[in-house]
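Fold and contact review
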Amino acid sequence: MTRSPKRPPAGLPDRETLLAFLRDAGSAEKGDIARHFGLKGGDRRALREMIRELEAEGRLGKRGRKGFSEAGGLPPVGVADVVERDVDGEIYVRLVEASEDAPRALLVPDREGRAGPAPGLGDRLLCKFQRGEDGWEARLIKRLDAGTNRVLGVIRKSNREVRVEPVDRRSKDVLLVPHAHAEGLKDGDLVLAAIEKGEHRYGPKRGKILETIGREDDPRAASLIAIHAHGVPTGFSEAVEAEAQDQELPSLKGREDLRDLPLITIDPADARDHDDAVHAHRDDDPKNEGGWVVWVAIADVAAYVRVGSALDREARAKGNSTYFPDRVEPMLPEVLSNGLCSLKEGENRACLAVRMVFDKDGRKLSHRFVRGLMRSHASLSYEQAQGAIDGRPDDVTGPIMDRILYPLWNAYHAMLKGRLKRSPLLIESAERKVLMDPGGGIGAIEPRKSLEAHRLIEEMMIQANVCAAETLEQKRTPLIYRVHEAPSQEKIFNLADFLQTIGKPWAKGEPATTKRFNRLLDETRDGPHAEVVNEVVLRTQMQAIYSPENIGHFGLNLDRYAHFTSPIRRYSDLIVHRGLIRALNLGKDGLTDREIAELATIAEQVTRTERRSMAAERDAMDRYIAAFLEDRVGATFPGRITGVTRFGLFVRLEETGADGLVPVSSLGDEYFTHDDRSHALVGERTGRRWTLGRSVEVRLVEATPVTGGLLFEMLSEPDPRDPNAPAPRLGLRARGPKGGGYPKRGGPRPRDGARPSGGLKGVRKGKRR
């Protein structure tokens, strides 16, 4: 692909004019050059001689079979392979047609903010090229075959061969690597390999090692695999780190002094960054008797991450921070995320704060935003704050009970009345967390606690987010909403079909509302179907996304909602901050016209990066749990069927929340049919059933940490034939003992399988509402 400059007058060009043409066009063949300059006859012969001379002098280089380019130059647009990633994480590309001594180009963040998995070694890209201050730079236009020729796997060595076994349980690409290319590698090394192109029609594919990542027995391998498998960006460029180091705390000029306001932070005990602080006090307005004033102050990230800066480009490309049990891949460098932007106790910090007024019944009467300078008066954990309210104050919380904590809780109880009247969706989610031991191994896996302190912070953050959306709408400033669509008609029909099997009517024409869902959850909460109804209601929900177009937030039952409260770890929130700064004339670092024009693109991007992080976090958790259970193969566990597919049953263990597969081929001596209407496997001969939500006992047969797969053997007996059950809606026959071929190592998750993705899970601070 070349670009031709304006045609010059006909005639043989001098040497510098020819080089300038090739520099601008990127490359050209002799015939293209002759036509461009209008050369005929003897002039064409002279051109060939000039090219030979320039080539002999080293000023021209070959490009492909017939083309020429200026030596050391690159075309405006070309196809390139990713050839190197340095220790700082910088990615370099080289033209596909180029020789080994051709210039490489640094892949720089895309100006348009397009997202997706970061390119990796072996990927082929269509790029724009231009000269930068330190050499050639490339900007991604399009991925041509990103990831399709790469395998993340584990080295398995023997005397006969070296294999790379993929860590993705869905992949079948086991690669053979020549012994000569595997020198220095050990059995169990985690590597990134490329599938070599060629005629290998039979047997394993051939591959070459691109990079050694770590060891499969490293306790941190789960996170490393997830990071590389999903293309989660890691680290920061030198330019970004230098820019972050140069930032300084803004002065009080143009800001409201909030340092005497006793704001406090309440976060997880292991939190390293604190991006929100809260305070509440009685409203002294006699017209609002019993009312409350609630302050929410958020780190003013926009004061440091300015539009168009290296910090901004990299934050936009990352989209959000990604959290693993043993590490965080942050959106911003630590000097900001854990430094200037973090609302540390006793230190002055820039903030964007909202003052909200509620009446005694939790109805918001008014709000206003200020750009201020604050100082946190205490930094508490959720457990610490909850313990104080429950009558167990400590040296930190004891002195601030009357002045800070009691007013906070009293204000929350008033706000709670408004929340209950609004009736957001009340789905429960028994999430687990991995506790690492001092040596970096897995110490324990335990349920996440849901405290009133969590719900207090969540409700105050939700109200602040609502205020942000309302203010930007009122000021007619475009914004990125957090939207959540109501369930589709198809999902409601599937829910109604399932509820019929447990005797809970839901008319298919009945509109889906949060109050209707909550009534269903309340009716079944104390019964035998509580967990499965909760699970099915959760799967019925759509996934929340970002959008410049507002359709409301179904799960929270809100007409307008925008993410404002976590700009340290979400780029969407930074955009909302900039919008408020522009709308309220709070500074010169507000939302720009260009950003407004790109809001749809940014919204799509941050939705994709959020999905990427969610998938990586989920996969890492699966692998950590499999590693934790590896020593307990053969043990029996109580669990519950959380997924029914034609190839088997997904069972979730009560103890750890681990999900694994019971293959259909191990369930008995008959074929099973998957009845998708009743979420059951039904024996064709006996009619005995395995149903969604059933409590069972299983034996752990296989735990594979490198893939996160768990395989179970069913110890319980199926339910007898249900004489009242509707005739099954027959589909594909389940694979019984003669069918064979069930997925190994846990198999792929079904589309509606054991674990729903995204949506509304829990009320813990930081969940992706």
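Read on for an overview of the structure. No experiment lies behind these values; they were computed from the predicted model shown.

The next thing to look at is the overall build of the protein. Within the protein, the regular secondary structure consists of 16 helices and 33 strands. Residues classed as buried in the protein amount to 53% of the 769 residues present. When the accessible area of the protein is evaluated, it comes to approximately 35,100 Å², of which 47% is carbon and sulfur surface.

On to the sheet that holds strand β31 (residues 689-691). Strand order across the open sheet formed by three strands is β29-β30-β31, with antiparallel pairing between neighbours. Edge positions in the sheet fall to β29 (672-675) and β31, since each has one partner strand and no second. The average undirected angle you get between the axes of adjacent strands in this sheet is 20 degrees. Both β29 and strand β30 (residues 680-683) contribute to a ladder of four bridges, which runs antiparallel. Of the residues in β30, the one forming a bridge with Thr673 is Val682.

Most of helix α6 (residues 310-318) sits inside the fold, with seven of its nine residues counted as buried. Those residues of α6 not exposed but buried are Ala310, Leu311, Asp312, Glu314, Ala315, Arg316 and Lys318. Each element contacted by the buried residues of α6 is listed here: α5 (238-245), α7 (334-340), α14 (571-583) and α16 (599-629). In the segment just after α6, Gly319 is the residue with positive phi, at about 80 degrees.

Glancing now at the pairing of strand β7 (residues 135-143). Consecutive side chains along a regular strand alternate between the two faces of the sheet. Bridge analysis of strand β5 (residues 105-107) against β7 gives two bridges, and the strand direction is parallel. By the bridge assignment for β7, Leu107 is matched with Ala138. Bridging between strand β6 (residues 124-132) and β7 involves eight bridges; their strand directions are antiparallel. Within the sheet, the bridge partner assigned to Leu126 lies in β7 and is Lys142. Joining the antiparallel neighbours β6 and β7 is a turn of two residues.

The strand order β8-β9-β10-β12-β11 describes a closed barrel built from five strands, whose pairing is mixed. Strand-to-strand twist of the sheet, defined as the mean angle between neighbouring strand axes without regard to direction, takes the value 50 degrees. Here helix α4 (residues 221-230) sits on the sheet in contact with β8 (150-157), β11 (189-195) and β12 (205-215), set at roughly 130 degrees to β12.

What counts as what
- Residues numbered from 1 in each chain as written.
- Predicted model: local features only at pLDDT ≥ 70, side-chain atom pairs only at ≥ 80, totals over all residues.
- Heavy atoms only, no water.
- Helix = DSSP H or I, 4+ residues; strand = E, 2+ residues; numbered from the N terminus.
- Buried < 20%, exposed > 50% of the residue type's maximum accessible area, 1.4 Å probe, protein only.
- Areas by Shrake-Rupley, 256 points an atom, 1.4 Å probe, with all protein chains shown as cover.
- Pairing = 2+ DSSP bridges.
- Axes fitted to C-alpha atoms, helices over the stretch in contact; angles between N-to-C directions.
- Contact = heavy atoms within 4.5 Å.

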